[in-house]
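Working through the structure, step by step
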Amino acid sequence: MVKVQIIIFDGFDELDAIAPYEVLLKAAVIGADVEAKLVVLGDSLEITAACGLRVQAHAKLELDQKLDVLIVPGGGWVGRAPQGVRSEVERGTIPAAISHLYRNGTVIASVCTGAMLVAAAGLLSSRHAITHHGAIEDLIAKGAEIVKARVVDDGDIITAGGVTSGLDLALWVLERYFEPEIAHKVEMMLEYERRGTVWRRSTP
(Lines give C-alpha, C1' and ligand atoms only; values in the text may rest on other atoms or scores of the structure.)
Protein backbone atom coordinates (compact mmCIF):
# COMPACT_ATOMS: atom_id res chain seq x y z
CA MET A 1 0.00 0.00 0.00
CA VAL A 2 1.15 3.52 -0.80
CA LYS A 3 0.56 5.63 2.31
CA VAL A 4 0.03 9.33 1.66
CA GLN A 5 -0.65 11.93 4.34
CA ILE A 6 -1.54 15.58 3.83
CA ILE A 7 -0.50 17.84 6.68
CA ILE A 8 -2.95 20.67 7.40
CA PHE A 9 -2.55 23.69 9.64
CA ASP A 10 -4.45 26.87 10.47
CA GLY A 11 -4.50 29.06 7.39
CA PHE A 12 -3.79 26.34 4.84
CA ASP A 13 -5.39 26.85 1.45
CA GLU A 14 -8.43 24.59 1.18
CA LEU A 15 -7.90 23.56 -2.43
CA ASP A 16 -4.20 22.80 -1.89
CA ALA A 17 -5.09 19.95 0.45
CA ILE A 18 -8.62 18.87 -0.44
CA ALA A 19 -7.96 18.54 -4.18
CA PRO A 20 -5.17 15.96 -3.82
CA TYR A 21 -7.10 14.22 -1.05
CA GLU A 22 -10.09 13.69 -3.33
CA VAL A 23 -7.91 12.55 -6.24
CA LEU A 24 -6.28 9.91 -4.07
CA LEU A 25 -9.60 8.74 -2.61
CA LYS A 26 -11.05 8.36 -6.10
CA ALA A 27 -8.05 6.24 -7.02
CA ALA A 28 -8.66 3.97 -4.03
CA VAL A 29 -12.29 3.56 -5.10
CA ILE A 30 -11.22 2.20 -8.48
CA GLY A 31 -8.72 -0.22 -6.97
CA ALA A 32 -5.43 1.60 -6.45
CA ASP A 33 -3.73 0.40 -3.27
CA VAL A 34 -3.40 3.87 -1.80
CA GLU A 35 -4.37 5.38 1.54
CA ALA A 36 -4.82 9.13 2.03
CA LYS A 37 -5.28 10.91 5.35
CA LEU A 38 -5.37 14.48 6.58
CA VAL A 39 -3.03 14.90 9.55
CA VAL A 40 -1.98 17.62 12.01
CA LEU A 41 0.99 18.27 14.27
CA GLY A 42 -0.80 20.09 17.10
CA ASP A 43 -3.06 18.80 19.84
CA SER A 44 -6.35 19.71 18.14
CA LEU A 45 -7.59 17.76 15.13
CA GLU A 46 -9.81 20.67 14.05
CA ILE A 47 -8.15 23.19 11.76
CA THR A 48 -9.46 26.44 10.31
CA ALA A 49 -8.37 26.91 6.70
CA ALA A 50 -7.61 30.13 4.83
CA CYS A 51 -11.19 30.78 3.67
CA GLY A 52 -12.73 29.82 6.99
CA LEU A 53 -13.52 26.17 6.31
CA ARG A 54 -13.22 24.11 9.49
CA VAL A 55 -11.63 20.75 8.79
CA GLN A 56 -11.37 17.73 11.04
CA ALA A 57 -8.13 15.84 10.47
CA HIS A 58 -8.05 12.06 10.65
CA ALA A 59 -5.08 11.81 12.98
CA LYS A 60 -1.95 13.39 14.38
CA LEU A 61 1.20 13.06 12.31
CA GLU A 62 3.41 10.27 13.63
CA LEU A 63 7.01 11.13 12.89
CA ASP A 64 8.44 7.62 13.18
CA GLN A 65 5.93 5.86 10.96
CA LYS A 66 6.62 4.31 7.57
CA LEU A 67 5.15 6.92 5.23
CA ASP A 68 5.54 6.98 1.46
CA VAL A 69 4.47 10.55 0.65
CA LEU A 70 3.81 13.66 2.71
CA ILE A 71 1.88 16.38 0.87
CA VAL A 72 2.40 19.93 2.15
CA PRO A 73 -0.20 22.55 1.14
CA GLY A 74 0.41 26.28 0.99
CA GLY A 75 -1.69 29.20 2.10
CA GLY A 76 -1.29 32.83 3.00
CA TRP A 77 2.34 33.33 2.00
CA VAL A 78 1.83 35.81 -0.83
CA GLY A 79 -0.82 37.80 1.04
CA ARG A 80 1.17 37.72 4.30
CA ALA A 81 -1.80 36.30 6.20
CA PRO A 82 -1.45 36.12 9.98
CA GLN A 83 -2.02 32.36 9.83
CA GLY A 84 -0.66 30.03 7.21
CA VAL A 85 2.71 29.17 5.76
CA ARG A 86 4.59 32.23 7.03
CA SER A 87 3.57 31.69 10.64
CA GLU A 88 4.37 27.97 10.36
CA VAL A 89 7.81 28.75 8.95
CA GLU A 90 8.42 31.04 11.92
CA ARG A 91 7.10 28.46 14.39
CA GLY A 92 9.38 25.83 12.89
CA THR A 93 7.56 22.67 13.98
CA ILE A 94 6.25 21.69 10.54
CA PRO A 95 9.62 22.27 8.80
CA ALA A 96 11.27 20.14 11.49
CA ALA A 97 8.71 17.37 10.92
CA ILE A 98 9.21 17.55 7.16
CA SER A 99 12.97 17.23 7.61
CA HIS A 100 12.56 14.27 9.98
CA LEU A 101 10.26 12.36 7.65
CA TYR A 102 12.48 13.11 4.66
CA ARG A 103 15.51 11.67 6.45
CA ASN A 104 13.45 8.54 7.15
CA GLY A 105 12.73 8.02 3.46
CA THR A 106 9.42 9.82 2.92
CA VAL A 107 8.94 11.58 -0.42
CA ILE A 108 7.98 15.20 0.25
CA ALA A 109 5.45 16.80 -2.12
CA SER A 110 4.28 20.39 -1.91
CA VAL A 111 1.44 22.34 -3.48
CA CYS A 112 1.74 26.07 -4.21
CA THR A 113 3.52 27.95 -1.40
CA GLY A 114 3.83 24.76 0.60
CA ALA A 115 7.23 24.77 -1.09
CA MET A 116 8.27 27.51 1.35
CA LEU A 117 7.76 25.07 4.24
CA VAL A 118 9.87 22.51 2.41
CA ALA A 119 12.53 25.18 1.83
CA ALA A 120 12.40 26.09 5.53
CA ALA A 121 13.17 22.44 6.24
CA GLY A 122 16.41 22.96 4.33
CA LEU A 123 15.48 20.60 1.52
CA LEU A 124 15.34 22.82 -1.57
CA SER A 125 18.84 24.30 -1.74
CA SER A 126 20.22 23.42 -5.21
CA ARG A 127 17.10 21.36 -5.93
CA HIS A 128 14.70 21.78 -8.84
CA ALA A 129 11.35 23.17 -7.71
CA ILE A 130 8.36 25.38 -8.45
CA THR A 131 5.83 27.29 -6.37
CA HIS A 132 3.13 29.93 -6.75
CA HIS A 133 4.34 32.68 -9.11
CA GLY A 134 4.14 35.23 -6.30
CA ALA A 135 6.65 33.28 -4.20
CA ILE A 136 9.21 32.33 -6.85
CA GLU A 137 11.71 35.02 -5.83
CA ASP A 138 11.41 33.90 -2.20
CA LEU A 139 12.10 30.31 -3.23
CA ILE A 140 15.11 31.38 -5.30
CA ALA A 141 16.43 33.17 -2.22
CA LYS A 142 16.33 29.78 -0.45
CA GLY A 143 18.60 28.32 -3.12
CA ALA A 144 16.06 26.46 -5.26
CA GLU A 145 16.56 26.05 -8.99
CA ILE A 146 13.25 27.11 -10.49
CA VAL A 147 11.73 25.02 -13.27
CA LYS A 148 8.77 26.63 -15.03
CA ALA A 149 6.55 23.55 -15.04
CA ARG A 150 3.23 22.63 -13.50
CA VAL A 151 4.77 19.78 -11.49
CA VAL A 152 8.49 19.36 -10.80
CA ASP A 153 9.57 15.85 -9.79
CA ASP A 154 13.13 15.95 -8.47
CA GLY A 155 13.14 12.40 -7.18
CA ASP A 156 12.40 12.42 -3.47
CA ILE A 157 10.95 15.94 -3.59
CA ILE A 158 8.00 16.94 -5.78
CA THR A 159 6.66 20.49 -6.03
CA ALA A 160 3.69 21.95 -7.87
CA GLY A 161 3.02 25.58 -8.74
CA GLY A 162 -0.25 27.38 -8.11
CA VAL A 163 -3.38 26.64 -6.12
CA THR A 164 -5.12 24.27 -8.53
CA SER A 165 -1.89 22.34 -9.16
CA GLY A 166 -2.79 20.03 -6.28
CA LEU A 167 -4.94 18.14 -8.76
CA ASP A 168 -2.03 17.72 -11.16
CA LEU A 169 0.39 16.78 -8.40
CA ALA A 170 -1.87 14.04 -7.06
CA LEU A 171 -2.54 12.68 -10.53
CA TRP A 172 1.21 12.57 -11.13
CA VAL A 173 1.69 10.72 -7.83
CA LEU A 174 -0.81 8.11 -9.06
CA GLU A 175 1.02 7.77 -12.35
CA ARG A 176 4.40 7.55 -10.64
CA TYR A 177 3.39 4.92 -8.06
CA PHE A 178 0.85 2.98 -10.10
CA GLU A 179 0.30 3.50 -13.82
CA PRO A 180 -0.99 6.11 -16.27
CA GLU A 181 -4.25 4.18 -16.65
CA ILE A 182 -5.16 4.79 -12.98
CA ALA A 183 -4.45 8.50 -13.28
CA HIS A 184 -6.45 8.72 -16.50
CA LYS A 185 -9.45 6.96 -14.94
CA VAL A 186 -9.45 9.44 -12.05
CA GLU A 187 -9.25 12.32 -14.54
CA MET A 188 -12.33 10.93 -16.24
CA MET A 189 -14.18 10.57 -12.92
CA LEU A 190 -13.41 14.18 -12.02
CA GLU A 191 -13.96 15.46 -15.57
CA TYR A 192 -10.60 17.21 -15.32
CA GLU A 193 -7.81 17.43 -17.86
CA ARG A 194 -4.31 17.78 -16.48
CA ARG A 195 -2.60 21.10 -17.15
CA GLY A 196 0.96 22.04 -17.97
CA THR A 197 4.12 19.97 -17.95
CA VAL A 198 5.46 17.43 -15.51
CA TRP A 199 9.22 17.98 -15.37
CA ARG A 200 11.08 14.97 -14.11
CA ARG A 201 14.77 14.80 -13.28
CA SER A 202 16.50 12.36 -15.58
CA THR A 203 18.29 9.45 -13.93
CA PRO A 204 21.47 7.74 -15.16
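Criteria and thresholds
Residues numbered from 1 in each chain as written. Predicted model: local features only at pLDDT ≥ 70, side-chain atom pairs only at ≥ 80, totals over all residues. Heavy atoms only, no water. Buried < 20%, exposed > 50% of the residue type's maximum accessible area, 1.4 Å probe, protein only. Helix = DSSP H or I, 4+ residues; strand = E, 2+ residues; numbered from the N terminus. Phe/Tyr/Trp six-rings, centres within 6.5 Å; stacked < 30°, edge-to-face > 60°. UniProt positions renumbered as here; feature names shortened; annotations may be inferred. Axes fitted to C-alpha atoms, helices over the stretch in contact; angles between N-to-C directions. Left-handed = near helix turned anticlockwise from the far one by under 90°. Contact = heavy atoms within 4.5 Å. Nonpolar A, V, L, I, M, F, W, Y, C, P; charged D, E, K, R; others polar. 1 Å grid on protein atoms, 1.4 Å probe; cavity = no way out; pocket = protein on both sides within 12 Å on 5 of 7 lines; lining within 4 Å. Points joined across faces, edges and corners; volume = space filled by probe spheres on them. Salt bridge = Lys/Arg side-chain N within 4 Å of Asp/Glu carboxyl O.

We note that Arg80 has phi near 55 degrees; this positive angle belongs to a residue other than glycine. On the accessibility criterion, Arg80 (60% relative accessible area) is exposed. You will see that Ser126, though not glycine, has its phi angle at about 65 degrees, which is positive. As for its position among the elements, Ser126 is in the loop between α4 (114-120) and β8 (128-129).

This part covers the packing of aromatic side chains. Under the defined criterion, the tally for this structure stands at one aromatic pair. Ring centres of Phe9 and Phe12 lie 6.4 Å apart, and the angle between their planes is 70 degrees; on these two criteria the pair is classed as edge-to-face. With respect to class, Phe9 is no different from Phe12; both count as buried.

With numbering matched to this structure, UniProt assigns "domain: DJ-1/PfpI" (unreviewed entry) to residues 3-175. Across residues 3-175 one finds 34% helix and 23% strand; the C-alpha atoms that close the span lie 15 Å apart.

The next point concerns the packing of helix α6 (residues 165-177) against helix α7 (residues 180-190). For the pair α6 and α7, interaxial distance at closest approach is 7 Å and the crossing angle is 145 degrees. In terms of crossing hand, the pair formed by α6 and α7 is right-handed. Only Pro180, Ile182, Ala183, Val186, Glu187 and Leu190 of α7 make contact with α6, whose side of the interface consists of Leu167, Leu171, Leu174 and Glu175. Along the lines of polarity and charge, the residues of the contact of α6 with α7 split into eight nonpolar, no polar and two charged.

So, on to the layout of surface pockets. One number sums up the size of the largest pocket: a volume of about 210 Å³. The wall of the largest pocket is formed by 16 residues, among which Phe9, Asp10, Gly42, Ile47 and Glu88 lie closest to the centre. Of all the secondary structure elements, the ones that give two or more residues to the lining of the largest pocket are β3 (46-48), α2 (85-91) and α3 (93-103). The leading source of residues in the lining of the largest pocket is α2, at three residues. Taken together, the residues of the lining of the largest pocket sort by class into six nonpolar, five polar and five charged.

According to the stated counting rule, one finds 14 salt bridges in the structure shown. Measuring nitrogen to oxygen at the nearest pair gives 3.9 Å for the salt bridge that ties Lys60 to Asp43. Of this pair, Lys60 sits in strand β5 (residues 59-60) while Asp43 sits in the loop between β2 (34-40) and β3, and the two are 17 residues apart along the sequence. According to the relative accessible area criterion, Asp43 is exposed, its value standing at 71%.

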